[in-house]
Amino acid sequence: MEQFSTTESVRHYVWQQRSQGKSVGVVPTMGALHRGHLSLVDRSREECDITIATVFVNPTQFGEGEDFGRYPRTLDEDLHALKSHGVDAVFVPETSAIYPDGFSTYVDPPEISLSLEGACRPGHFRGVTTIVLKLLLAIPATHAFFGRKDYQQWKVIEAMTRDLNVETKIVGCEIVRENDGLAMSSRNRYLSPEERERSLLLSRSLDAVGSMIESGVVDADLLQCKMRSTLLGEAGKGVDKIDYAVVVDADSLAPVDRVDRPVAALIAAHVGSTRLIDNTVISEKVSR
Ligand code: AMP
C-alpha cells in the first residue's frame, strides 16, 4: 500500500493510474475506522481498479466546543485495516498541507445544507464542502464513496459536485450497523455501557417509524411524535437531548405533511456528552 502526505504526490499517483485508463475510487475518512468505513472501501474495490482512502481529521468542520480535540486518532490501526482490505494507497496529509498559512478560501455550501445538521452545527457543512472539494482536487478520482449514515452530508456533496462541475461520480453507500442496530460511528467509542444501551433508541425509533408507515400511517406529525416518544423513553432512560427527529422528503430534505413520496426519517440526539445521528429512507410501501 502506497502512502502519500502531500497533495502533489497523491495527485501525480492518481494521474499515473488514470493515464493507464484505470478507474480510481476515493474513500474520504477522518480515521478511527470501523466496518462502516471499510464497507466503503469494499464498494470502491468492487467498482474501481484502484482504491485510495484518505485519513484526515478536518478541523474546519468542527464547531467551537465540539469534539475536535478528543476525536479518536488511531492511525496505526487504521493503516493496518486499510492494508488488509486491499486499499492501494492512502493519503494522510498534515494539517499544514491542507490549510497552509494564510488559508482563507472556503466553499459556500449549497442550499440543502441549511436545515438539520446545518442549523444545529453552524459552519459544519462549509468545512465539509471545503475539505471534500480540496480532496477531490488532490485526488481527481473517477468515483468517491460516502456513507448514507451521514445522509444530509451525502446530499450536500452531491449538490456541491453537481453545482461546481466536479466530474467525480458520488456514490452513496448503505449504513452499516452493529448487530443490535446501532449505526457504526467513530463516536460510539465515547459511550459508557449505560449510554450505549440508551443509544439504541435511535435505531428503535427509526424502526418504529418504518413499521407505522408500513401499517398505513402517513401523517408526518404522528410519525414524528412517535420518534420523539421512543427517543425520550421512560423517565431517565431516554436520550438526553433531541436536536431533531423528523420525516422529510428523501431528495430535497424539505418537510412533508404526509408520506406520499419517498421520505427519510432523520435523527440527531445527544446521549451523555456524545451526539449521535441516524436515519432511514422509506421509499417502498408508500401509499399514494
Ligand atoms: P467519518 O470518518 O465519520 O468522516 O466518515 C467517513 C465516511 O464513512 C463518511 O462518508 C461516512 O458517511 C461513512 N460512514 C461512517 N459511518 C458509517 C456507517 N455506519 N455506515 C456506512 N458509512 C459510514
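It should be emphasised that the depicted structure is a prediction, and the values quoted were computed from it without experimental measurement.

A. Examining the overall build of the protein more closely. For the protein, the helix and strand inventory stands at 10 helices and 9 strands. Taken against the 2.2 N^0.38 rule, which gives 19 Å for 288 residues, the C-alpha radius of gyration of the protein at 19 Å falls within 12% of a compact globule. With the C-alpha coordinates of the protein rotated into their principal frame, the extents come out at 55 × 40 × 40 Å. Here the protein holds 288 residues, and 56% of them are scored as buried. Accessible area of the protein: about 13,700 Å², with a carbon and sulfur share of 47%. Measuring between centres, the 32 positive side-chain charges of the protein sit 1 Å from its 41 negative side-chain charges.

B. How the structure looks around the packing of helix 9 (residues 200-214) against helix 10 (residues 220-232). Two numbers describe how helix 9 lies on helix 10: the axes approach to 9 Å, and their chain directions differ by 150°. In terms of orientation, helix 9 lies roughly antiparallel with respect to helix 10. Along this stretch, helix 9 crosses helix 10, giving a crossing that reads as right-handed. Counting all contacts with helix 9, which are made through Leu201, Leu202, Arg204, Ser205, Leu206, Ala208, Val209, Met212 and Ile213, the residues of helix 10 involved are Leu222, Leu223, Lys226, Met227, Thr230 and Leu231. Class assignment of the residues belonging to the contact of helix 9 with helix 10 gives a composition of 11 nonpolar, 2 polar and 2 charged.

C. Fine view of the pairing of strand 2 (residues 24-29). Counted residue by residue, strand 2 has 6 buried out of 6 residues, so it is predominantly covered. What you see with strand 2 is no split at all: Val24, Val26 and Pro28 on one side and Gly25, Val27 and Thr29 on the other are buried throughout. Alignment of strand 2 against strand 3 (residues 50-55), held across 6 bridges, turns out to be parallel. Opposite Gly25, over in strand 3, you have Thr51 as the bridge partner.

D. Expanded view of the site of the ligand. Looking at the ligand, there are 16 residues lining it, with Met30, Gly147, Asp150, Val176 and Met184 nearest. The contact in question runs from an oxygen atom of the ligand to an N or O atom on the backbone of Gly147, over 2.9 Å. Relative to its free-state accessible area of 480 Å², the ligand is covered by the protein chains to the extent of 92%. Put simply, the parts of the chain that give the shell around the ligand at least two residues each are strand 2, helix 2 (35-47) and strand 5 (143-147). At 3 residues, the largest contribution of residues to the shell around the ligand is made by helix 2. Each residue belonging to the shell around the ligand can be placed in one class, and the counts come to 8 nonpolar, 5 polar and 3 charged.

E. Spotlight on the side chain of Arg275. For Arg275, the position within the fold is in strand 9 (residues 274-282). Taking relative accessible area as the criterion, Arg275 reaches 18% and is therefore assigned buried. Of note is the side chain of Arg275, whose polar atom sits 2.8 Å from the side chain of Glu117. Polar side-chain contacts of Arg275 include one of 2.8 Å to the side chain of Asp243. Excluding its chain neighbours within four sequence positions, the residues that come into contact with Arg275 are Glu117, Cys120, Arg121, Arg187, Asp243, Tyr244, Ala268, Ala269 and His270.

F. Representation of the sheet that holds strand 7 (residues 241-249) in the model. The strand order across the open sheet built from 3 strands is 7-8-9, with neighbouring strands paired in antiparallel fashion. Every other strand in the sheet has two partners, leaving strand 7 and strand 9 as the edge strands with one partner each. With strand direction ignored, the average angle separating the axes of adjacent strands in the sheet is 10°. Helix-sheet contacts for helix 9 involve strand 8 (263-271) and strand 9, and the interaxial angle to strand 9 is about 20°.

G. Representation of the pattern of salt bridges in the model. In the structure shown here, the tally under the stated rule is 15 salt bridges. Put simply, Asp180 and Arg196 hold a salt bridge, and the shortest N to O gap is 3.0 Å. Taken together, the positions of Asp180 in the loop between strand 6 (169-173) and helix 8 (193-198) and Arg196 in helix 8 put the pair 16 residues apart, joining distant regions of the chain. Classification of Asp180 as partly exposed rests on a relative accessible area of 39%. Overall, the relative accessible area of 24% leaves Arg196 in the partly exposed class.

H. The arrangement of the nonpolar core in detail. Grouped together as the largest cluster of nonpolar side chains are 44 residues, with contacts concentrated most on Ile52, Val132, Ile139 and Leu266. Residue contributions to this core peak at 8 residues, all from helix 6 (residues 124-138). Residues contacting Val132, with those up to four places away along its chain left out, are Phe146, Ile157 and Met160. Judged by nonpolar contacts, the second largest core, of 27 residues, contains Leu191, Leu200, Val209 and Ile282.

The rules we used
Residues numbered from 1 in each chain as written. Predicted model: local features only at pLDDT ≥ 70, side-chain atom pairs only at ≥ 80, totals over all residues. Heavy atoms only, no water. Helix = DSSP H or I, 4+ residues; strand = E, 2+ residues; numbered from the N terminus. Rg over C-alpha atoms; globule rule 2.2 N^0.38 Å. Buried < 20%, exposed > 50% of the residue type's maximum accessible area, 1.4 Å probe, protein only. Areas by Shrake-Rupley, 256 points an atom, 1.4 Å probe, with all protein chains shown as cover. Lys, Arg positive; Asp, Glu negative; His and termini not counted. Charge placed at Lys NZ, Arg CZ, Asp CG, Glu CD. Axes fitted to C-alpha atoms, helices over the stretch in contact; angles between N-to-C directions. Parallel < 35°, antiparallel > 145°, perpendicular 65-115°, else oblique. Left-handed = near helix turned anticlockwise from the far one by under 90°. Contact = heavy atoms within 4.5 Å. Nonpolar A, V, L, I, M, F, W, Y, C, P; charged D, E, K, R; others polar. Pairing = 2+ DSSP bridges. Near = heavy atom within 4 Å. Polar contact = N/O pair within 3.5 Å; in protein donor to acceptor, adjacent residues only side chain to side chain. Salt bridge = Lys/Arg side-chain N within 4 Å of Asp/Glu carboxyl O. Core = buried A, V, L, I, M, F, W, Y, C linked by side-chain atoms within 4.5 Å.

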